[in-house]
Amino acid sequence: MSKRLRQLDQALFWRSYLLTVGFLMFSGASVVGYAAWNGSLELEWWGVLVTCAIILGGALLFGFGIFGRNSKMEGWADVASTHEAAIILVVISYPVYLILKLFYRPR
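Everything quoted here is computed from the prediction, not taken from an experiment. (Residues numbered from 1 in each chain as written. Predicted model: local features only at pLDDT ≥ 70, side-chain atom pairs only at ≥ 80, totals over all residues. Heavy atoms only, no water.)

A closer look at the overall build of the protein
Across its full length, the protein carries four helices and zero strands. Counting from the amino terminus, helix and strand elements in the protein follow one another as α-α-α-α. Here the protein holds 107 residues, and 24% of them are scored as buried. A separation of at least 24 residues holds for 86% of the contacts in the protein among residues at least 6 apart in sequence. (Helix = DSSP H or I, 4+ residues; strand = E, 2+ residues; numbered from the N terminus. Buried < 20%, exposed > 50% of the residue type's maximum accessible area, 1.4 Å probe, protein only. Contact = heavy atoms within 4.5 Å.)

Okay, structure coming up:
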């Protein structure tokens, strides 16, 4: 495999990683926000603020995973994977990578 194709493949994998992390953050915090909105969950003002920040962060990661440049993918993925538990997210994001690989064509 050529060096350029390997870099492209790696960028696509990190793109799938960012999509997965962003989606999990957005959807998880949205469920908490929905429960707080309906009154099922009582949150303090700072809890609502943190929930909104997580929703915004997840949406930003998801958006960058879709529209970001390949040259920045690895750096953003490094920032998003600073904990040892990130290996679980890497395993979860692998099916997303396989789906993206079907639709992503190198130029």
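Here we look at the environment of Val50
Looking at where Val50 falls in the secondary structure, it is placed in helix 2 (residues 45-67). Spatially, the C-alpha atom of Val50 lies 9.1 Å from that of Ala29, the residues being 21 residues apart in sequence.

Observations concerning the side chain of Ser16
Checked against the element boundaries, Ser16 lands in helix 1 (residues 3-38). According to the relative accessible area criterion, Ser16 is buried, its value standing at 0%. In terms of polar contacts, Ser16 uses its side chain to reach the backbone carbonyl oxygen of Phe13, at 2.6 Å. Contact partners of Ser16, with chain neighbours within four places excluded, come to Ser93, Val96, Tyr97 and Leu100. (Polar contact = N/O pair within 3.5 Å; in protein donor to acceptor, adjacent residues only side chain to side chain.)

Observations concerning the packing of aromatic side chains
Describing an aromatic ring pair means giving the distance of the ring centres and the angle of the ring planes. One pass over the full model with this rule turns up four aromatic pairs. Three or more aromatic residues joined by ring pairs make a cluster, and in this case those are Phe13, Trp14, Tyr17, Tyr94 and Tyr97. (Phe/Tyr/Trp six-rings, centres within 6.5 Å; stacked < 30°, edge-to-face > 60°.)

Points about the nonpolar core
Judged by nonpolar contacts, Leu12, Phe13, Trp14, Tyr17, Leu18, Val21, Leu61, Phe64, Met73, Ala77, Ala86 and Tyr97 together constitute the single largest core of 12 residues. Considering each element in turn, this core owes the most residues, six residues, to helix 1. Leaving out residues up to four positions away in the same chain, Ala86 has contacts with Tyr17 and Ser81. (Core = buried A, V, L, I, M, F, W, Y, C linked by side-chain atoms within 4.5 Å.)

Considering a nonpolar patch on the surface
Nonpolar side chains collect at one region of the surface, where Phe23, Leu24, Phe62, Ile66, Phe67, Ile87, Ile88, Val91 and Ile92 lie side by side and expose about 920 Å² of accessible area between them. Mapped by element, the contributors of at least two residues to the nonpolar patch are helix 1, helix 2 and helix 4 (86-103). Looking at the nonpolar patch, the element that brings in the most residues is helix 4, giving four residues. Relative to the assigned elements, Ile87 resides in helix 4. (Patch = residues over 30% accessible without salt bridge, like charges linked within 9 Å, V, L, I, M, F, W, Y side chains within 5 Å. Areas by Shrake-Rupley, 256 points an atom, 1.4 Å probe, with all protein chains shown as cover. Salt bridge = Lys/Arg side-chain N within 4 Å of Asp/Glu carboxyl O.)

Overview of the confidence of the model for the protein
Averaged over all residues, the pLDDT of the protein equals 84, while 89% of them reach at least 70. Considering each helix and strand of the protein separately, the mean pLDDT is smallest for helix 3 (residues 70-80), with a value of 74, and largest for helix 2, with 92. (pLDDT = per-residue confidence, 0-100.)

With respect to helix 4
The α-helix winds at 3.6 residues per turn, so residues separated by three or four positions along the chain end up facing the same way. Given a rise of 1.5 Å per residue, 18 residues ought to cover 26 Å, and the 25 Å separating the end C-alpha atoms of helix 4 matches this to within 8%. Approximately 35° is the largest bend angle found in helix 4, and it occurs at Ser93, with the proline Pro95 only one to four residues beyond. All of the buried residues along helix 4 are Ala86, Ser93 and Tyr97. (Expected span 1.5 Å × (residues − 1). Bend = angle between axes of the 7 residues up to and from the residue.)

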